[in-house]
Structures are given as C-alpha cells and as structure tokens.
Amino acid sequence: MKPSKPAGTQTATLAEIAREAGVSAPTVSKVLNGRADVAPLTRTRVEELLRAHGYRRRRAEASRSPLIDLVFHELESAWALEVIRGVENVAREAGLSVVLSESAGRLTPGRTWADQVAARRPHGVVLVLSGLDEAQRALLTSRSIPFVVMDPAGDPGPDVPSIGATNWQGGLAATRHLVELGHTRIGAITGPSRMMCSRARLDGYRAALETAGLPVDPSLVAAGDFHHDSGYRLGLELLRRPDRPTAVFAGNDLQALGLYEAARELGLRIPEDLSVVGFDDLPVARWVGPPLTTVRQPLTEMAEAAARLVLELGRAGEERAATRMELATSLVVRSSSAAPASA
C-alpha cells in the first residue's frame, strides 16, 4: 500500500486518507477516536495509512480526558503501591484521575489496550517495567498521546522518554557493604534476566566482588523472579549447601523476605548466622524482624517524575526531546547485616 503523500509528512488530510483507504471520512475519524464500530480489516487499513503518512492529530483536535493511564506488567506487590502513590500525587495536583491496567506479566500490553487508550484520550501514559511495540507507539503518537516508561525492562530506545534508578550503583553498594563487614562468600538471588534493572544490580554485585579481589562464584548466584516464593525456594537451595554463603544480596525486598523464611526454617539466625541485604526499601523492610538492610530505590519519587514528565510532554508536543533520567539509590543499613561469625 503506497501513500499518495511522502511518508512522514503532515500534509495528508483525513479526507485524503479516507479516499485512499476507500472509506468515508467519518470512518477514519472513528478509527482515530478508537471507536469499536469499525470492521477489523478496515481499521488495520486505515491505521497503516495513518502511520505511512505520519499523521498526528492537531492540538485543536486532540481534546483530552482528565486521565493518566498507568500500566503495570503485573500488580501483585507493595512495590506497585509505591508507584501508584507517586502517580496519584501528581495526578491529584493536576486535577486528573488515574486509570490502572495490567498486562498480565507481558512486557508489552495487548492491542486491545492500545485501542482503549486511544478511545480514552488521556493526558498521557506511564508504563512500568513495560514497553510498547512499534504499532502501539505509532498509534499513541498519531493521537498525540505522550508516554513515558518507568524502570524500563529493556532498552527503551533513544527516542522513548524514561525514568529509572541507579541499579548498578545500588548493587555495588549492597555488596560492598557485605564485603566491608568481612564476608567473602556472598550469594545473590537476582530478578529475571530479561529485565534491565535486574541485570544492572547483578553487574554491580560482580563489580564489588571483583574490586575487592574476591572470586565471583556462579554457583552462589540464583536467578529469581522478584517474588517472595523465589526468595524462599532459592534461599533454601543456597543455605542447604555445605559451603553455604554467610551473606546474600537479594535483588529486591520481597525475595529478601522469602530468604528470611528459608533461614528460619533451617534454624539460621539473621544476622548472627546469615547477613541479608535487599533492594527497594519498601515500608515492610522497617517492620520485619530484624529490620532489613536494603538499597533504597526512590519508587514514589520515580513515579512522580514519570507522571510530571508525561504531562510536560503533552504540553510541549514535539518541541521537547526524549528525556532519560536516573534517580539515585542509597544504602540503608539496619539490623539484618553484621560481620560473619567467623570474624
């Protein structure tokens, strides 16, 4: 299908796109507004032409609903609550509401979600540990709906605005803390390898060991999924070893709490027999016994920054270049880490 105008121009009108697609102008308008009463084949043909022409709704056309769409790949933990709180803070200040959705563990939402967002016409979309495929990005761009990725799972690309944290530095600080206490056998329970934040934390762990002149033992590194159950299951495997680690860096607080449970089951005391460091600094980290040493990831502040950025992009249109921002992490020392008993 060849457009009658050069791809990427803004000169095609809805009438011209309708004529090329063999439909009426109101049908093209329905597609633009995400209406459901359009045949799937017709919708696909019109969307392809809109993308080929680089069509964007003009500011006057782009009337927005008083909403921010917030998309998670999964909604199962206190981690998500901290993010929701941050987006809600900014939305409340701007007189907006938040629409929550979940992509059921997928790192990109389904096509139905993109159509629903186009129909809602929110002020913007914040995606958490998720991303968009090319068609979804084109759909939101054609509707003048800005989007920002928070804590991107992979490399979002140079033209995608994103907010993250200094995950590598956090992994380095957590492991260096354990090294400085005198630990030489330090295990790690990571998050999913497909997630950039998880890989960065593991790289920081390795860097701290190598800098201290300690070997990186692959058998002490267990791949988890950022959930409590994997911290418990993998913790049992690590702690049942005859040469078990005397300290473990858990890739997040939930896995650290699972590790607590595994240690209790095996009769190990924290921190006398095992030091534990987590990552996130969720509120529960202060309440458990003993209180958890962890790396603070400023989740609420990250979410606030993502929400503010998406609103700024909506006001600036194409005048603002894509922004990539990383907020600092920091080590919070509590009672779950101490010198090894042999020291």
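What counts, and where the lines are drawn
Residues numbered from 1 in each chain as written. Predicted model: local features only at pLDDT ≥ 70, side-chain atom pairs only at ≥ 80, totals over all residues. Heavy atoms only, no water. Core = buried A, V, L, I, M, F, W, Y, C linked by side-chain atoms within 4.5 Å. Buried < 20%, exposed > 50% of the residue type's maximum accessible area, 1.4 Å probe, protein only. Helix = DSSP H or I, 4+ residues; strand = E, 2+ residues; numbered from the N terminus. Contact = heavy atoms within 4.5 Å. Pairing = 2+ DSSP bridges. Axes fitted to C-alpha atoms, helices over the stretch in contact; angles between N-to-C directions.

Draft legend 1. How the structure looks around the nonpolar core. L70 and M150 are the most contacted members of the largest nonpolar core, which totals 36 residues. Where this core is concerned, the elements lending two or more residues are β1 (67-72), α4 (78-93), β3 (124-128), β4 (147-150), β5 (162-165) and α12 (299-316). If you tally residues by element for this core, the top one is α12, at 10 residues. Contact partners of M150, with chain neighbours within four places excluded, come to V83, V126, L127, V128, L129, I163, L299, M302, A303 and A306. Membership of the second largest hydrophobic core comes to 20 residues, among which are I189, L234, V248 and V276.

Draft legend 2. Inspection of the sheet that holds strand β2 (residues 97-102) at higher detail. Sheet architecture is open: six strands sit in the order β2-β1-β3-β4-β5-β11, paired in parallel fashion. Each edge of the sheet is formed by a strand with only one pairing partner; in this case those strands are β2 and β11 (324-327). Each neighbouring strand pair of the sheet contributes to a mean axis angle of 20°, computed without reference to strand direction. The pairing of β3 with β4 spans four bridges and is classified as parallel. By the bridge assignment, L127 is partnered in β4 with V149. Sitting on the sheet, α12 touches β1, β3, β4, β5 and β11, and the angle it makes with β4 is about 165°.

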